[in-house]
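Residues per chain are reported as follows:
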Amino acid sequence: MTGINWPAGFERTPQRRREPNRNFEVRMGQVTEDLATEMNRLNPDEWRASIGNSHTKSNTLPLHNANPEDPGFVLRWTKDGQQFAVACDAYSRLRDNAREVCLWVHETRMRANRAVVTGESEFAAARLPSEDDETVVASPPPHTVLDVAPDAPDDAVEAAFREKAKEVHPDHGGSTEAFRQLKAAKEAMLDA
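### Thoughts on the packing of helix α4 (residues 154-168) against helix α5 (residues 176-191)
Each pair of packed helices gets described by two things: the angle between the helix axes and the distance between those axes. In contact at an axis separation of 10 Å, α4 and α5 are set at 180° when each is read in the N-to-C sense. As judged from the angle between their axes, α4 and α5 are roughly antiparallel. On α5, the residues that touch D154, V157, E158, F161, K164, A165 and V168 of α4 are A178, F179, L182, K183, K186, M189 and L190. Split by residue class, the contact of α4 with α5 holds nine nonpolar, no polar and five charged.

Structural data, given as structure tokens:
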């Protein structure tokens, strides 16, 4: 069994929050065909997909019967010496996560057809840091940030947030980044 090659620093969706996406009622074969077409149009130096098992075609895209325990899907490519990655694990089916990545690549590639000028390429959001850049560190789990149990009730999460906010809020000598992380942790816990 092969594990998915999830990019460092990319947050994972908690398994309990994954649901099928009823908007993507297409066959896996159609998804992989569309992905291969998009990547050919993008014309990268090289590209590869990663899933949670070894049920893949020679081009690394999932076979029609691939059903890994981990439904996440990662697409990586290199173009002009820069590395890119797009990943999705928001849905409970591999097919839905692969389709989401395919749609993102298509929509992002189509932005290049617009007459808009920007400071970065349309794929800048997917660019991975070079080896010279600082290592990307994954954020700690929300319950760790709030110092509560992973299954803490909403009122305990709110109380922990208020207490921690007294320490990390920028108006009280804390940093904007620390407060942003605390607020994101609270929202993640409450959404769960």
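From this point, the narrative continues.
### Looking at the nonpolar core
L35, M39, L61, F73, L75, W77 and V101 are the most contacted members of the largest nonpolar core, which totals 25 residues. Among the secondary structure elements, those contributing two or more residues to this core are α1 (28-42), β1 (46-50), β2 (73-79), β3 (82-88) and α2 (94-111). If you tally residues by element for this core, the top one is α1, at six residues. Formed by 12 residues, the second largest nonpolar core is a distinct cluster that contains V148, A152, F161 and A185.

### Regarding the environment of A90
Along the chain, A90 falls in the loop between β3 and α2. Looking at A90, the relative accessible area reads 29%, which means it is partly exposed. Considered as a pair, A90 and T13 are 77 residues apart in the sequence and their alpha carbons are 5.7 Å apart.

### Here we look at α5
For α5, which comprises 16 residues, the first-to-last C-alpha distance of 22 Å matches the rise-based estimate of 22 Å (1.5 Å per residue) to within 8%. Those residues of α5 lying buried are L182, A185, K186 and M189. Seen from one end, α5 has its buried residues packed into an arc of 95°, which puts them on one side. Opposite the buried face of α5, by more than 90 degrees, sit the exposed residues T176 and D191. Contacts made by the buried residues of α5 are with α3 (142-146) and α4.

### Points about the side chain of N97
Turning to its location among the elements, N97 is positioned in helix α2. The exposure class assigned to N97 is buried, which follows from its relative accessible area of 0%. When sequence neighbours within four positions are dropped, the list of residues in contact with N97 reads P71, G72, F73, C88, D89, A90 and Y91.

### Thoughts on unusual backbone geometry
Of note, the phi angle at T60 is positive, near 75°, even though the residue is not glycine. As for its position among the elements, T60 is in the loop between β1 and β2. For D147, which is not glycine, the phi torsion reads 60° and is therefore positive. With relative accessibility at 61%, the residue D147 sits in the exposed group.

### Description of the confidence of the model for the protein chain
With 89% of its residues at a pLDDT of 70 or more, the protein chain has an overall mean of 83. Confidence drops under a pLDDT of 50 for residues 133-137, and excluding neighbours within four residues, the segment shows four contacts in the predicted structure.

### Observations concerning the side chain of R99
Along the chain, the position of R99 falls in helix α2. At 2.7 Å, the side chain of R99 forms a polar contact with the side chain of D34.

Calculation notes
- Residues numbered from 1 in each chain as written.
- Predicted model: local features only at pLDDT ≥ 70, side-chain atom pairs only at ≥ 80, totals over all residues.
- Heavy atoms only, no water.
- Axes fitted to C-alpha atoms, helices over the stretch in contact; angles between N-to-C directions.
- Helix = DSSP H or I, 4+ residues; strand = E, 2+ residues; numbered from the N terminus.
- Parallel < 35°, antiparallel > 145°, perpendicular 65-115°, else oblique.
- Contact = heavy atoms within 4.5 Å.
- Nonpolar A, V, L, I, M, F, W, Y, C, P; charged D, E, K, R; others polar.
- Core = buried A, V, L, I, M, F, W, Y, C linked by side-chain atoms within 4.5 Å.
- Buried < 20%, exposed > 50% of the residue type's maximum accessible area, 1.4 Å probe, protein only.
- Expected span 1.5 Å × (residues − 1).
- Arc of directions from axis to C-beta.
- pLDDT = per-residue confidence, 0-100.
- Polar contact = N/O pair within 3.5 Å; in protein donor to acceptor, adjacent residues only side chain to side chain.

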